[in-house]
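Coordinates in review
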Amino acid sequence: MDPVLRPQRRESDRLLPADPALRSIARDLYARVADAPIISPHGHVPAAMLDADTPFPDPAALFVTSDHYVTRLLHASGVPLDALGLGRETVAPRSIWRTLAEHWHEFAGTASQLWLEQELREVLGITEELGPESADRIFDAIDRRLQEPAFRPRALFDEFDIAVLATTDDPLDDLDAHERLANSSLRGRVVPTFRPDGYLDPDADGFSERVQALLGADQAPSTFAGYLTALEGRRAHFRARGAVSADHGVLEPLALDLDAGEAERLFAEVLRGTAGAADRRRFRGHMLFQMARMSVEDGLVMTVHAGVLRNHSTATRRAFGPDTGHDIPIPTSFVEGLRPVLERWGLRPDFHLVLFTVDETTFSRELAPLAGFYPAVYIGAPWWFLDAPHAMARFRSAVTETAGFYRTSGFIDDTRAFLSIPARHDTARRADAAFLAGLVAEDRITIATAERVADDLVGAIPRTAFKL
Amino acid sequence: MDPVLRPQRRESDRLLPADPALRSIARDLYARVADAPIISPHGHVPAAMLDADTPFPDPAALFVTSDHYVTRLLHASGVPLDALGLGRETVAPRSIWRTLAEHWHEFAGTASQLWLEQELREVLGITEELGPESADRIFDAIDRRLQEPAFRPRALFDEFDIAVLATTDDPLDDLDAHERLANSSLRGRVVPTFRPDGYLDPDADGFSERVQALLGADQAPSTFAGYLTALEGRRAHFRARGAVSADHGVLEPLALDLDAGEAERLFAEVLRGTAGAADRRRFRGHMLFQMARMSVEDGLVMTVHAGVLRNHSTATRRAFGPDTGHDIPIPTSFVEGLRPVLERWGLRPDFHLVLFTVDETTFSRELAPLAGFYPAVYIGAPWWFLDAPHAMARFRSAVTETAGFYRTSGFIDDTRAFLSIPARHDTARRADAAFLAGLVAEDRITIATAERVADDLVGAIPRTAFKL
Amino acid sequence: MDPVLRPQRRESDRLLPADPALRSIARDLYARVADAPIISPHGHVPAAMLDADTPFPDPAALFVTSDHYVTRLLHASGVPLDALGLGRETVAPRSIWRTLAEHWHEFAGTASQLWLEQELREVLGITEELGPESADRIFDAIDRRLQEPAFRPRALFDEFDIAVLATTDDPLDDLDAHERLANSSLRGRVVPTFRPDGYLDPDADGFSERVQALLGADQAPSTFAGYLTALEGRRAHFRARGAVSADHGVLEPLALDLDAGEAERLFAEVLRGTAGAADRRRFRGHMLFQMARMSVEDGLVMTVHAGVLRNHSTATRRAFGPDTGHDIPIPTSFVEGLRPVLERWGLRPDFHLVLFTVDETTFSRELAPLAGFYPAVYIGAPWWFLDAPHAMARFRSAVTETAGFYRTSGFIDDTRAFLSIPARHDTARRADAAFLAGLVAEDRITIATAERVADDLVGAIPRTAFKL
């Protein structure tokens, strides 16, 4: 691999404050953590990719069509998704890449621009600026790189110095890939994450079939108790394979403690498909409550990603499937909806509940006050649309004065774009260095304290929150 | 006209960041666009004023009583509106001006202070600071200026270098003033905007009479179909007179696709005044949907200004009429309410839907994600209470990382205060230069990219969004 | 007292912007107001403490167990509240102090860290940094200080140069302590505040008993009219003892104007405990309306602290009582809920309604627009979780461009931590100096205007808002 990767990154002052005094402090803080091993406790890299260690495909597949943050903005700019090869496979990769290059100025200032440019520069060693004129040269340069052994997934995994990488997995996944990876020569751990949404939400496509498969896999009876036992069984399997957390994506952060009779009745109705909207909502709420109960019992960290309306454009979902760029955040509030869980288990330090939001109004209003009291609650790092330098700065500004740094989760990249992982963590480290530098320059904390916090943000803090 | 106008503006570093490195970059970016022609695709300057080209009245009428941003803050400070000559005409202009001067420190830091001081300095060449002691001298100086031919509306229109100015007009307006202006010697275009709120909202004062007048003007039958045809007819008239957009001010951004039978029934009931609140809401929602349908068909850009509760103080509206400073924003969400429109036409790049908000929580949560996917959606510029430097900075910070610059509308002054137009656009140019300078200084974009974006923000971006 | 207190404070650039040009301006502005007398028109220091003038207890009781901002974050970090001596009295103060010291890095960047360090340094003259190693030395140093006469409450009151300190008091309090303080040698005024929540909210613990006691104290009949008369009587007593305001803590800022019949019926039912949730809510809403009516009549400034869900953790409240760190903000909107009050009395400059929020989305969306029109409305200073430097900066950024500085209330410390009062006001003064410096550096206001505003923010502005 290109030996300039690390020094090149560290020598840049990217994202550090412009003011010389601030920048100097921030640079020193960043230098401490720039090369720290990467802890990635929540993300979407497929274990199979690392297991198979197949070379990455062409530049378009790697950087465009597999990244719905890139395709969505091209789409917004008037490029139909099928012109990018989504939904069919007949568009030439070079043509897709040229389309990206023609629209590249429209990505100026976005997170996607930041990640992609940093990947080109610091992972692939390509320093030329992307644009219509350079598109072909850069395409060819990437293409050559991707054929080198040093750019295959496992080599990069070690090169990136990833200490822990959590994948996100279907409850019925056998996790054999994880077992093979655990026994491989990879220097870091790859751990699965239990993600049961499709088995808990009656409105999910194929819910009944999925639940039947779950019950069948566990040879469990078709009762609510059997269903819970089957879920507990799969969680145990995940724990045995190294999982540290269970993840829950919900539109509404609602937990309901129902009595056994109602739960049994709702379970039967949602399986038959006869439950009305209110009952389906109650069932969903009860299952979030049950997931908290299981986390308390088996120790898996519970992460909740709330407030995103999935697949806003029905026509796009039908033509191109989910995760095609039209998941849209809605107003969110955690205080009442999660109260049943917090009333029951919120005071237990061994229960870890990490709350992620895309409604940044909850940062100062709810997440910091909740995490500033309940030992169970951790404030999830800036997530999704908020996962970029300005938003990170707003996040720290909003939560720190109420909850400090130690009630936050540490950075989560939440990405399936493997090559972007170093860029994303690097951005978080720089953003935190910049924020800490401000506290130092304004005489709020000493440099020694800032150094300790900077170190902990890439080590002790995520390790504690995720029980690593 | 005072020859120092332009240089005076460009030589000031007003609103540029204090940090020397940032300021230097921002200054260069601003210099590129400081003298660019003004594109004003949404505002409230009356075409009749330009058509008649009558001199502006006295300083109080020009800067105080016609500007409800100024009167509202005086009112908040304890000055009754009738002491400012509202509702009656017997207060001496000089007395009103002195009242403003006595309260001027209470405007410190407001947008109104910024506009008025810049108008005095850069349009009228008056550099003395306003206060009780200087009030009379400044009043006299303005008064003299306003009698000069160079300060009549048309001369200023050319002096301001306005390329496009959109007015906002009643659907039944004959638009003859626009036709005369199109044939006049004005260097820029003055185009009408179709604003049908009063014809669509059953709760608007005089709704039934207005609809009857509409149907009469078009000799249309009193059916829902006739009503739609009449609206289409007026839109065609607007398009023939140069209109590029239709504007919709709504409390709630709600669009409903009703079947023909329900629409016909609701139309009859709202005309008779027998519809209940829920039905009136459904009718309003359906008419927003119909307006979208018409925009798709006739190509007028659809702008939606949502979330303002008009006339909060009933006593004030009764005594002094609407637009007297007590329109108050409420919590707003676009995601579900506009979904019917976006499901139907959101993927069409030829449909342009520009969304404006006064609830800034929607910037990062909703508007940037929607405009970052739907080719139809553009993020409206900071509007109304958010139309000032700090709010502009928050706007760019909130939307850019998700949607970039090219999914925003370009600056909209939305003003009836003709003299403030250069100051408002100048402020937006400075604010954008400051924001771009930050991205350059933090090594996120190159200076060449920043220059392109700065240029486009005052040219290609508003021209594209508004089909100019 | 240690003679370095004041100079030490003024010589630090803490919280002033890092940029040299900004800092220089901010430093000059801060210097003007650093030593201005403290006006504290809303807080929770007990009058009895000043009246008795007993020495402060040990360091743990003074700085830890009496401050639920400190205990809540220790609790979140896994320290059970009873390990801090809450709920029982058997934990050694030195042990509690050591626990704080071990966790002190977890407070980095919080408001609590800022207050406590400034209290140690500037009130007690202790400059060593707190940590496990220094814990015992600092404990002993504090302990010695607290035994000196100069550190008793009254001596500090004069040393702090407090001009006005408002306490918060039960409506049935005899206020004799206030009378004695008024006749004491204290240089400043200590005034009571009428806080009737527990007598107005049917959901408050002991509501009926409290109302019966109120009626008994006033020998009023058990009718709604008698209840109102009794409340008016207590307000008159408060006014006679120097009160300038009545304070209202509500979950929902809702005011309802009910007719006499409904009010009478609801009053009977809430007293009997037979009212349903909707009726209890209506009663509460009507009582907020009645409180506004009484404020209009008797001139007490009405302050509303809205949007906090009290006692989120039932188990904690049961074990340790209220005010133990788990009051959590919820989404709040003032526009519709307070409309009945504003429609009725909002145009009266003699009615002062100061609105406080912990949902910062309302700053730009609602509070600034309301206070920018209604002479009755003042924007309450950043409150509770928002009462820290970054949040103060967000507050000024959000409200100033719409409402200026003169529609805000001036700083409110809202604290029961007497020793923290100078640190809190000092922070607000520095934050405002920093904000004003930004306006000066960006050429938005002159230095002379900034100086006037800085002066007024610690003098004329709170004196006007609170009728002092």
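Residues numbered from 1 in each chain as written. Chains lettered and ligands numbered in written order. Predicted model: local features only at pLDDT ≥ 70, side-chain atom pairs only at ≥ 80, totals over all residues. Heavy atoms only, no water.

A common measure of how large an interface is: the accessible area buried when the components associate. Listed by partner, the interface residues are 42 residues for chain C and 50 residues for chain B. Taken together, both faces of the contact between chain C and chain B bury some 3700 Å²; the carbon and sulfur share is 56%. Looking only at chain C, the three residues that lose the most surface to chain B are F373, E401 and R444 of chain C, adding up to 20% of its buried area. At the junction of chain C with chain B, the criterion picks out one salt bridge. Where chain C packs against chain B, one counts 26 residue pairs in polar contact (both at pLDDT 80 or more). Breaking the side of chain C that touches chain B down by element, the ones donating at least two residues are α17 (339-345), α18 (361-371), α19 (389-403), α20 (421-441) and α21 (447-457) of chain C. Grouping the constituent residues of the side of chain C that touches chain B by class yields 20 nonpolar, ten polar and twelve charged. (Contact = heavy atoms within 4.5 Å. Buried area = accessible area lost by both parts, 1.4 Å probe. Salt bridge = Lys/Arg side-chain N within 4 Å of Asp/Glu carboxyl O. Polar contact = N/O pair within 3.5 Å; in protein donor to acceptor, adjacent residues only side chain to side chain. Helix = DSSP H or I, 4+ residues; strand = E, 2+ residues; numbered from the N terminus. Nonpolar A, V, L, I, M, F, W, Y, C, P; charged D, E, K, R; others polar.)

Moving on, we come to the relation of the copies chain A and chain B. The two copies are related by a screw motion: chain A maps onto chain B through a turn of 120° and a shift of 0.0 Å along the axis, at an RMSD of 0.0 Å. The two molecules are tied by a three-fold rotation axis, judged by turn and shift. Using C-alpha coordinates, one finds that chain A approaches the rotation axis most closely at D19 of chain A, a distance of 3.5 Å. (Least-squares fit on C-alpha atoms with pLDDT ≥ 70 in both.)

Turning to the packing of aromatic side chains, a few remarks are in order. One pass over the structure, following the stated rule, counts 57 aromatic pairs over all chains. Judged by centre distance (6.3 Å) and plane angle (70°), the ring pair of F224 of chain C and F283 of chain C falls under edge-to-face. Taken together, the positions of F224 of chain C in helix α13 (residues 224-240) and F283 of chain C in helix α15 (residues 277-298) put the pair 59 residues apart, joining distant regions of the chain. F283 of chain C shares its class with F224 of chain C; the two are buried. Ring centres of W383 of chain C and W384 of chain C lie 5.3 Å apart, and the angle between their planes is 70°; this geometry places the pair in the edge-to-face category. On the basis of relative accessible area, W383 of chain C is assigned to the buried category, the value being 3%. The exposure class assigned to W384 of chain C is buried, which follows from its relative accessible area of 11%. When the ring centre of Y199 of chain A is taken as origin, the NZ or CZ atom of R210 of chain A, which lies over that ring, is 5.7 Å away. (Phe/Tyr/Trp six-rings, centres within 6.5 Å; stacked < 30°, edge-to-face > 60°. Buried < 20%, exposed > 50% of the residue type's maximum accessible area, 1.4 Å probe, protein only. Lys NZ or Arg CZ within 6 Å of the ring centre and 35° of its normal.)

Let us now look at the relation of the copies chain C and chain B. Least-squares fitting of chain C to chain B yields an RMSD of 0.0 Å, with the superposition described by an axial translation of 0.0 Å and a rotation of 120°. Taken together, the interface assignments show that only 5% of the residues at the interface of chain C recur at the interface of chain B, consistent with different surfaces on the two copies.

In the case of a regular strand, side chains alternate between the two sheet surfaces. Residue and element names in this part refer to chain A. Counted residue by residue, strand β9 (residues 353-357) has five buried out of five residues, so it is predominantly covered. Of the two faces of β9, both are covered, the one formed by L353, L355 and T357 as well as the one formed by V354 and F356. Here strand β6 (residues 301-306) runs beside β9; their pairing, made up of five bridges, is parallel. Counterpart to T303 in the pairing with β9 is V354. With three bridges joining them, β9 and strand β10 (residues 377-379) adopt parallel strand pairing. Note on β10: the bridge partner recorded for L353 is V377. (Pairing = 2+ DSSP bridges.)

What follows is about the pattern of salt bridges. This model, assessed by the stated rule, comprises 128 salt bridges over all chains. Between R365 of chain C and E366 of chain C there is a salt bridge, with its nearest N and O atoms 2.9 Å apart. Since its relative accessible area comes to 4%, R365 of chain C is described here as buried. Take E366 of chain C: its relative accessible area is 0%, and that puts it in the buried class. Among the ionic contacts, a cluster of salt bridges with common partners joins R14, R121, E122, D426 and R430 of chain A.

So, on to the environment of G273 of chain B. Residues and elements named next belong to chain B. Within the secondary structure, G273 is located in the loop between α14 (260-272) and α15 (277-298). Residue classification places G273 among the exposed residues on the basis of a relative accessible area of 60%. Taking the C-alpha atoms as reference, G273 lies 9.4 Å from F207; in sequence the two are 66 residues apart.

Here we come to the domain arrangement of chain A. Residue and element names in this part refer to chain A. Domain annotation of chain A identifies domain 1 (56-151) and domain 2 (161-465). Distance between the C-alpha centres of domain 1 and domain 2: 30 Å. At the junction of the two partners, domain 1 supplies 17 residues and domain 2 supplies 18 residues. When domain 1 packs against domain 2, the two sides together hide about 1700 Å² of surface, and 71% of this comes from carbon and sulfur. (Domains from an automatic or database assignment.)

Moving on, we come to the side chain of T361 of chain C. Relative to the elements of secondary structure, T361 of chain C occurs in helix α18. Looking at T361 of chain C, the relative accessible area reads 12%, which means it is buried. Only 3.3 Å separates the side chain of T361 of chain C from the side chain of R365 of chain C, close enough to count as a polar contact. Once residues within four sequence positions are removed from consideration, T361 of chain C is found in contact with T361 and R365 of chain A together with T361 of chain B.

Moving on, we get to helix α8 (residues 135-146) of chain A. Residue and element names in this part refer to chain A. When the terminal C-alpha atoms of α8 are compared, their 16 Å separation across twelve residues agrees well with the 16 Å that a helix rising 1.5 Å per residue should span. Listed as buried for α8 are A135, I138, F139, A141, I142, R145 and L146. One side of α8 holds all its buried residues, which, seen down the axis, span an arc of 165°. Against α4 (59-65), α6 (93-102) and α7 (111-123) lie the buried residues of α8. (Expected span 1.5 Å × (residues − 1). Arc of directions from axis to C-beta.)

Note on sheets: strands pair through backbone hydrogen bonds, and any given pair is parallel or antiparallel. All names here are of chain B. The strand order across the open sheet formed by five strands is β4-β5-β6-β9-β10, and the pairing between neighbours is parallel. Each edge of the open sheet is held by one strand with a lone partner, namely β4 (193-194) and β10 (377-379). Direction of pairing for strand β5 (residues 245-250) relative to strand β6 (residues 301-306): parallel, over a ladder of six bridges. Bridged to A246 within β6 is M302. Sitting on the sheet, helix α18 (residues 361-371) touches β9 (353-357) and β10, and the angle it makes with β10 is about 145°. (Axes fitted to C-alpha atoms, helices over the stretch in contact; angles between N-to-C directions.)

Residues spaced three or four apart along an α-helix face the same direction, because each turn holds 3.6 residues. Residues and elements named next belong to chain A. Among the residues of helix α12 (residues 207-217), those classed as buried are F207, V211, L214 and L215. Around the axis of α12, the buried residues are gathered within 95° of arc, so they sit on the same side. Exposed residues on α12 whose side chains face more than 90 degrees from its buried face are E209 and A217. Looking one or two places after α12, you find Q219, whose phi comes out positive at around 50°.

Excluding glycine, residues mostly carry a negative phi; peptide bonds, for their part, are mostly trans. Residues and elements named next belong to chain B. We note that D161 has phi near 60°; this positive angle belongs to a residue other than glycine. The backbone phi angle of D414 is positive, close to 50°, even though this residue is not glycine. Within the fold, D414 resides in the loop between α19 (389-403) and α20 (421-441).

Residues and elements named next belong to chain A. Note on placement: E269 falls in helix α14 (residues 260-272). Separated by eleven residues in sequence, E269 and R280 have C-alpha atoms that sit 8.8 Å apart. In contact with E269, other than residues within four places in its own chain, are T274, A275 and D279.

Our focus in this paragraph is the packing of helix α7 (residues 111-123) of chain B against α20 of chain B. Residues and elements named next belong to chain B. One way to put it is that α7 packs onto α20 with a least axis distance of 8 Å and a crossing angle of 115°. Crossing hand, α7 versus α20: right-handed. Listed contacts from α20 to L114, W115 and Q118 of α7 are A423, R424, D426 and T427. By residue class, the composition of the contact of α7 with α20 is three nonpolar, two polar and two charged. (Left-handed = near helix turned anticlockwise from the far one by under 90°.)

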